[in-house]
Amino acid sequence: MKVLSIIFLYLFFTVNVNASEPIILAKTHQLKSIILDEQRSFSVYLPPSYNENSNKVYPVIYLLDGDQTHLKAVAGLVEALSTERLEQQIQQAIIVAIPNSKYAIRERDFTPTNVDWIFNGKLLEKFENIGNAANYSAFFEKELIPLINKNYRTSTKRVLIGESFGGLFASYVLLSNHALFTDYLINLNLV
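The text that follows walks through the structure, step by step, so that each part is easy to find. Computed from a predicted model, the values in this text were never measured in an experiment. (Residues numbered from 1 in each chain as written. Predicted model: local features only at pLDDT ≥ 70, side-chain atom pairs only at ≥ 80, totals over all residues. Heavy atoms only, no water.)

**Describing the pattern of salt bridges**
Under the definition given, this model contains seven salt bridges. For aspartate 37, the salt bridge goes to lysine 32, with nearest N and O atoms at 3.8 Å. Taking the relative accessible area as the measure of exposure, aspartate 37 reaches 61% and is therefore exposed. In this structure lysine 32 comes out as partly exposed when scored by relative accessible area, which is 48%. The shortest N-O distance in the salt bridge between aspartate 109 and arginine 108 comes to 2.8 Å. Comparing aspartate 109 with arginine 108 shows no difference in burial state: the two are buried. (Salt bridge = Lys/Arg side-chain N within 4 Å of Asp/Glu carboxyl O. Buried < 20%, exposed > 50% of the residue type's maximum accessible area, 1.4 Å probe, protein only.)

Right, here's the structure in full:
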């Protein structure tokens with residue numbers, strides 16, 4: 001019994017030591033955007049098989065509101081759904097998570113127009129510094145997507161994921177420049 005207790009304690013402390021090692025999910029990069037006139041950060045998650053075959057190309061998922069929490073959630077789903085255990089329902093993919101800029105409110109980049117919100121003659125909300133979706137779309141088209149394609153093994157499949165104001169931006173891109181992405185996952189939970 002004493003031997004089992006010692007083995008248990010050894011395993012307990014060994015697991016705890018190993019559990020404290022950080023797991024690096026994605027690498028964060030900086031891009032000086034000429035179009036947006038600011039420094040933008042983005043994180044790139046590579047699928048588990050990325051380094052196994054240097055000839056394989058991957059679809060790219062562009063995740064709006066791409067903070068670490070959203071990146072972890074989407075990467076976990078993509079990784080799980082692309083396993084044999086779950087019947088490879090989707091392909092493994094590179095994920096590019098674009099967090100909101102610390103210099104601008106997210107409404108600036110995600111909204112296509114600069115109008116006050118009025119309903120039945122009553123001002124619901126007045127926004128300042130909004131309506132920059134055309135520039136934000138150009139940032140993707142001329143700066144971010146070419147950079148990702150140059151530095152990673154990407155296929156022609158590109159997915160844009162946006163919710164709430166991010167969904168509004170994704171809808172704007174779908175209607176104004178639909179070929180920029182091949183697929184769109186949009187949630188317009190604006191209310």
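**Some words on the sheet that holds strand S1 (residues 27-33)**
With mixed pairing, the six strands of this open sheet are ordered in space as S1-S2-S4-S3-S7-S8. If you trace the sheet from one side to the other, it starts and ends with S1 and strand S8 (183-187), each paired once. Each strand of the sheet is rotated relative to its neighbour by a mean of 20°, with strand direction disregarded. Running at roughly 140° to strand S3 (residues 58-64), helix H4 (residues 133-151) makes contact with S1, strand S2 (38-45), S3, strand S4 (94-98) and strand S7 (154-163) of the sheet. (Pairing = 2+ DSSP bridges. Helix = DSSP H or I, 4+ residues; strand = E, 2+ residues; numbered from the N terminus. Axes fitted to C-alpha atoms, helices over the stretch in contact; angles between N-to-C directions. Contact = heavy atoms within 4.5 Å.)

**Examining unusual backbone geometry**
At aspartate 37, a position not held by glycine, the phi torsion is positive, near 55°. Of note, the phi angle at asparagine 120 is positive, near 50°, even though the residue is not glycine. Tracing the backbone through its elements, the reader meets asparagine 120 in the loop between strand S5 (117-119) and strand S6 (122-125). According to the relative accessible area criterion, asparagine 120 is exposed, its value standing at 70%.

**Some remarks on a nonpolar patch on the surface**
On the surface, a cluster of nonpolar side chains totalling about 400 Å² of accessible area is made up of Val115, Trp117, Phe119 and Leu124. Structurally, tryptophan 117 can be placed in strand S5. Taking the relative accessible area as the measure of exposure, tryptophan 117 reaches 34% and is therefore partly exposed. (Patch = residues over 30% accessible without salt bridge, like charges linked within 9 Å, V, L, I, M, F, W, Y side chains within 5 Å. Areas by Shrake-Rupley, 256 points an atom, 1.4 Å probe, with all protein chains shown as cover.)

**With respect to the environment of aspartate 183**
Looking at the element boundaries, aspartate 183 is found in strand S8. C-alpha of aspartate 183 to C-alpha of arginine 158: the two residues are 25 residues apart in sequence and 6.3 Å apart in space. Contacts of aspartate 183, omitting those with residues within four sequence positions, involve Lys157, Arg158, Val159 and Leu160.

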